[in-house]
Every structure is written in structure tokens, then in C-alpha cells.
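Spelled out, the chains give:
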Amino acid sequence: MLNKKQIVTAGATLGIALATGFVMQNGDAVASRFGDAPEAQPQPQAAPVEAPAVVQSSVLPALPETPAAPEPVEMAALEEDTMTDVTPTPAPVAEPELTCETTLQTEAIAAAMVRLDLVSACHPNERVTIHHEGMMFTADTDTTGAISVDVPALNQSAIFIAAFANNEGAMSQIDVPSLEFYDRVVLQWRGENALQLHAREFGADYGEDGHVWSETTRDASVAATGQGGFITTLGAGSDDTALLAEVYSFPTGFTTDDGEVALSVEAEVTSQNCARDIEAQSIQISPEGEPAVVDLVLSVPECDAVGDFLVLKNMVQDLTLAAK
């Protein structure tokens, strides 16, 4: 709550500083002290009269012919230690800076996904980085400082951290027990480097129904019913500081088909990444094993190869599946 200030008016004897809880009281105004008036002289015995008593005097002093001009009176400077009961007007209390809280709420939803709801009123239209089990991606808050995004969990005890550029942020933890039924593959990179994660399920070729990638991501409901996998795209921004990711999820624990899912990472040669080195990382988790992490530094061909694709199969491992 913002502090309130009270204006002290002339003649006021009490000022209240609401912000600090202190009370200050001004002293009474400095006043002159008068001596007792002289007693009236006794009068001769006479009948009482209504007029006021007159002091008797044998000789009246002669009045000067011209009234003497009063001599100028100099006001002596008041010494600091002679001032009493005077309280100086307090200096204005500085208004505190506006503060606000950043909150991160998590909710487990279908297909071992987690819905993140971030609210930070002090950070409207700002970039925030989401961290989860080694996966990182950037997102942009709206005009109210809020954002909502669905993220694939990579741990059954899932911890999510949202961090702004000034190191403010929030953390949240949630249990996602259904993750034990899923294989997940993460591909993440920095900047607009045209990387793609491809999954070709049960012998499907490029462009066929079982080819799952960023152009045909499918919905999480497909995996929740055991019919196939889906891809989640994460991240915002196109500059070199943007962190982007794609995550492929397959319901290994309750699939209805036997066979393999062929996985690959592909990089398109573009005018933005040609003749450059680009970095990427894959994270692969399985219900039956420890997470596998692969780092990549790729030298992209010269710019006369714009439009070509590089296929990187060693970054991720194919899935071998059996119907449940």
C-alpha cells in the first residue's frame, strides 16, 4: 500500500507520519510572561463612587514640549539554545518504490504435461527464461506481465523456474507420475538457426501420416489415448539471445502398435546461419533408463548451399516399441 502524507497547517499542534508510525507533537507557541499589577493606593474615606479609583500624587511630571521620537530597537538574534518548544516541520517522507510479487503456478495436465501460469505485474512485455531439468526456453509476457504455457515434464518430481533479466523470478514444483509411461526427446538451441526434430513412426516416410515434426505437431490427446506421439514447440524470439526448443513425446507405456520410431535432427541451410557455427543440445529420457544428453557444434556450409538440409542422426536414438 502506498504511504499517505498529511499536510501540517498553520497553528496545528499534531502531525502524524503514517508511513513510520511515529507521532510528533509541537510545543505551545512561545508566549510572554507578565508580572502582577501594582496594588491600588488607599483612598480617603468618602462615599463610594462609580468612577474608577485614581492614584493620588502631589506633583505631576511635566510633559515634554515635543514627544521624543522612539529610538530604533534592534531585535537580538535568538540563540539556538534559547528557542524552546519549537519543532521544525518534518521533511517530506520519500514515497517507496512500487513493488510487486512474481508468482508461478503449475498444474499437471494430460500426457504428462504441466501448465505454467506466470504472473509478474512489474514485468509487462518482457522476456523471461523458463528452466526445467536442463531444458531452457524464452517466452514473452503480455501487457499485464502474465504468460501461460504447456510444457512437457522431464521429471516426475518436476521443478520449474522462471527468471527475468534482472534475476527476479519464481519457482514451482509439482509431481507428474504419468511421466513413467512416456519417452521424450528434447532438441534445444539458441537463435534462429532453423533446426528441426523429426519423428517417423512405424515406417512412415516424410510427408506421410506418421511423420511428426513442427509442421504436423499433432495434439497431446493422440498420445493420451496411445495412438502416437506429438511435438511441442517452445520459445519466443528470433535474435541470438532467444532460446528455442522442440520436444517429441511418445506414450511408450500404453502404445497400441509394435515397431520403431525413427528420430533425426535436421538443419536447413539459410541465409541467417550459412557459413556459421551453430550450437544445439539434445536430451532424451526413457522410463527404463537415465537421461542422455548430447551437445553439438555444427559448421554450416557456405551460403551457396542455402536451401539444403543437413541430417544429424547421431544426436538422438530411435525408439523400439512393443504394443501393451
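Residues numbered from 1 in each chain as written. Predicted model: local features only at pLDDT ≥ 70, side-chain atom pairs only at ≥ 80, totals over all residues. Heavy atoms only, no water.

Caption draft 1: Quick look at the pairing of strand E8 (residues 157–164). Side chains of E8 alternate between two faces, with Ala-158, Phe-160, Ala-162 and Phe-164 buried and Ser-157, Ile-159, Ile-161 and Ala-163 left unburied. For strand E5 (residues 127–132) and E8, the ladder comprises four bridges, and the chain directions are antiparallel. Across the sheet, the residue bridging to His-131 is Ile-161, located in E8. In the sheet, E8 pairs with strand E9 (residues 169–175) via seven bridges, with the strands oriented antiparallel. Bridged to Ile-159 within E9 is Gln-173. Where E8 folds back onto E9 in an antiparallel hairpin, the turn is made up of four residues, including Asn-167, whose phi is positive at roughly 75°. (Buried < 20%, exposed > 50% of the residue type's maximum accessible area, 1.4 Å probe, protein only. Helix = DSSP H or I, 4+ residues; strand = E, 2+ residues; numbered from the N terminus. Pairing = 2+ DSSP bridges.)

Caption draft 2: Expanded view of the confidence of the model for the protein. Residues with a pLDDT of 70 or more make up 69% of the protein, whose mean pLDDT is 78. Segment residues 1–64 is flagged for pLDDT under 50; beyond a separation of four residues in sequence, or across chains, it makes 30 contacts in the model. (pLDDT = per-residue confidence, 0-100. Contact = heavy atoms within 4.5 Å.)

Caption draft 3: How the structure looks around the state of the cysteines. Taken as a whole, this structure holds two disulfides when the rule is applied. For Cys-100, the disulfide goes to Cys-122, at an S-S distance of 2.0 Å. With Cys-100 in the loop between strand E2 (23–25) and strand E3 (102–109) and Cys-122 in the loop between strand E4 (113–120) and E5, this residue pair connects regions lying 22 residues apart in the sequence. You can call Cys-122 partly exposed: its relative accessible area is 31%. Residue pairing for Cys-274: its cysteine sulfur links by disulfide to Cys-303, the two sulfurs lying 1.9 Å apart. Linking Cys-274 and Cys-303, the disulfide has an S-S dihedral of approximately 75° and is accordingly described as right-handed. You can see Cys-274 sitting in the loop between strand E15 (259–268) and strand E16 (277–286) and its partner Cys-303 sitting in the loop between strand E17 (289–299) and strand E18 (309–312), a full 29 residues away along the chain. Here Cys-274 falls in the buried class, since its relative accessible area comes to 7%. When the bonded cysteines of the protein are counted from the start of the sequence, the pairing works out to 1-2, 3-4. (Disulfide = S-S within 2.5 Å.)

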